[in-house]
Amino acid sequence: MRLAVNIDHIATLRNARGEGVPDPVEAALLAEKNGAAGIVCHLREDRRHIKDEDLRNLRASITTKLDLEMAMTPEMQMIALRTKPELITLVPEKREELTTEGGFNITAHFGSLAEFIKPFKRSGIEVSMFIEPDKHAIDLSLEAGADLVELHTGKYALQTDSVNGDREFRRIREAASYAKSIGLKVVAGHGLNYGNIAPFREIPEIEEVSIGHAIIARAVMTGLGEAVREMLGLIG
Ligand code: PXP
């Protein structure tokens, strides 16, 4: 299974001081150097983490695959067609949310989805739908012209007991199997971390997982000791 690393929260940290570090591009290159198969970023309407310039710099620098998560808006469509990522992932977006809550409401947007997707197909950009692990949403994704579905693993990740965790995991496994059987590529993501990822090895249909927060949070802790030692070396 491949790993795509979401670097949004490197930008969150950078923006906390409004200065240049840490640099999302440097983080992306480091992730690639260590085996990431792709880099994911979400250009939100409010630009709370990744900025337009980051997206341009990422496009110019990374050598694996750029997955741009975006809302289904004319502004994002224009930016994406100009940037030419290998892949776009359509996600729901609400200004007040802390992170992407729930999958894309494909039923509500179905009327205009196929038209929205068409220019991407003409430009050779693959389209992924970030949806709940639900058969109807998978069928509609295919019908609208998507190439992939990204199954939302947030509900699974939030479960604290094994009965509910197993139930949510089964939903994901069945959805992955169904999506693959009708010709869609399948990836998964949201809320995955070092403690809950292992069972995903049992789902061969899932080609890739997209992970952000857990990896960036881990990186802070695994890197902090070295950062302190380096500073001590400098102050003597
Ligand atoms: N996939 C999608 C579509 C997302 O919106 C996000 C969050 O930005 C992720 C994966 C990664 O989620 P997390 O940061 O919880 O690993």
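Residues numbered from 1 in each chain as written. Predicted model: local features only at pLDDT ≥ 70, side-chain atom pairs only at ≥ 80, totals over all residues. Heavy atoms only, no water.

Q: Mind laying out the overall build of the chain, listing which residues take part and the relevant values?
A: Scanning the chain for helices and strands turns up nine helices and eight strands. Computed over C-alpha atoms, the radius of gyration of the chain comes to 18 Å, within 12% of the 18 Å expected from 2.2 N^0.38 for 236 residues, which places it in the range of a compact globule. With the C-alpha coordinates of the chain rotated into their principal frame, the extents come out at 65 × 45 × 35 Å. Sorting the 236 residues of the chain into buried and exposed places 45% on the buried side. Within the structure as shown, the chain displays about 12100 Å² of accessible surface, and the carbon and sulfur contribution to it stands at 56%. A distance of 1 Å separates the average location of the 29 positive side-chain charges in the chain from that of its 36 negative side-chain charges. (Helix = DSSP H or I, 4+ residues; strand = E, 2+ residues; numbered from the N terminus. Rg over C-alpha atoms; globule rule 2.2 N^0.38 Å. Buried < 20%, exposed > 50% of the residue type's maximum accessible area, 1.4 Å probe, protein only. Areas by Shrake-Rupley, 256 points an atom, 1.4 Å probe, with all protein chains shown as cover. Lys, Arg positive; Asp, Glu negative; His and termini not counted. Charge placed at Lys NZ, Arg CZ, Asp CG, Glu CD.)

Q: If you had to explain the site of the ligand to someone new, which residues and values would you point to?
A: Around the ligand, 13 residues are found, and the nearest of them are E69, E150, G191, G212 and H213. Between an oxygen atom of the ligand and a main-chain N or O atom of G191, the distance comes to 2.8 Å. In isolation the ligand offers 400 Å² of accessible surface; the protein chains occlude 94% of this area. Broken down by class, the residue content of the shell around the ligand amounts to three nonpolar, eight polar and two charged. (Near = heavy atom within 4 Å. Polar contact = N/O pair within 3.5 Å; in protein donor to acceptor, adjacent residues only side chain to side chain. Nonpolar A, V, L, I, M, F, W, Y, C, P; charged D, E, K, R; others polar.)

Q: Residues and numbers for the packing of helix α5 (residues 106–122) against helix α6 (residues 135–144), please.
A: It is at 9 Å that the axes of α5 and α6 come closest, and there the two elements cross at 20°. In terms of axis orientation, α5 runs roughly parallel to α6. At the point where α5 passes α6, the crossing takes the right-handed sense. Facing I106, T107, F110, L113, A114 and I117 of α5, the residues of α6 in contact are H136, A137, L140, S141, E143 and A144. Looking at the contact of α5 with α6 residue by residue, the class counts come to eight nonpolar, three polar and one charged. (Axes fitted to C-alpha atoms, helices over the stretch in contact; angles between N-to-C directions. Parallel < 35°, antiparallel > 145°, perpendicular 65-115°, else oblique. Left-handed = near helix turned anticlockwise from the far one by under 90°. Contact = heavy atoms within 4.5 Å.)

Q: How would you sum up the environment of G35? Please name residues and give values.
A: Residue position: G35 is located in the loop between α2 (24–33) and β2 (38–42). G35 sits in the exposed class, given a relative accessible area of 55%. Measuring from C-alpha to C-alpha, the distance between G35 and G236 comes to 36 Å, with 201 residues separating the pair along the chain.

Q: Tell me what's going on with the pattern of salt bridges, and back it up with residues and numbers.
A: A side chain with one charge may pair with a side chain of the opposite charge, provided their charged atoms come close. Evaluated as defined, the whole model comprises 15 salt bridges. Residues E75 and R47 are paired through a salt bridge, measuring 2.7 Å at the closest nitrogen-oxygen approach. With E75 in helix α4 (residues 74–83) and R47 in the loop between β2 and α3 (52–61), the pair connects residues that are 28 residues apart, well separated along the chain. Accessibility expressed as a relative area gives 35% for E75, which makes it partly exposed. Using a relative accessible area of 15% as the deciding quantity, one classes R47 as buried. Between E126 and K185 there is a salt bridge; the shortest N-O distance is 2.7 Å. Of this pair, E126 sits in strand β5 (residues 126–131) while K185 sits in strand β7 (residues 185–189), and the two are 59 residues apart along the sequence. A single network of salt bridges, built from pairs that share partners, joins R2, K65, E207 and E208. (Salt bridge = Lys/Arg side-chain N within 4 Å of Asp/Glu carboxyl O.)

Keep in mind these numbers describe shape, not what the thing actually does.
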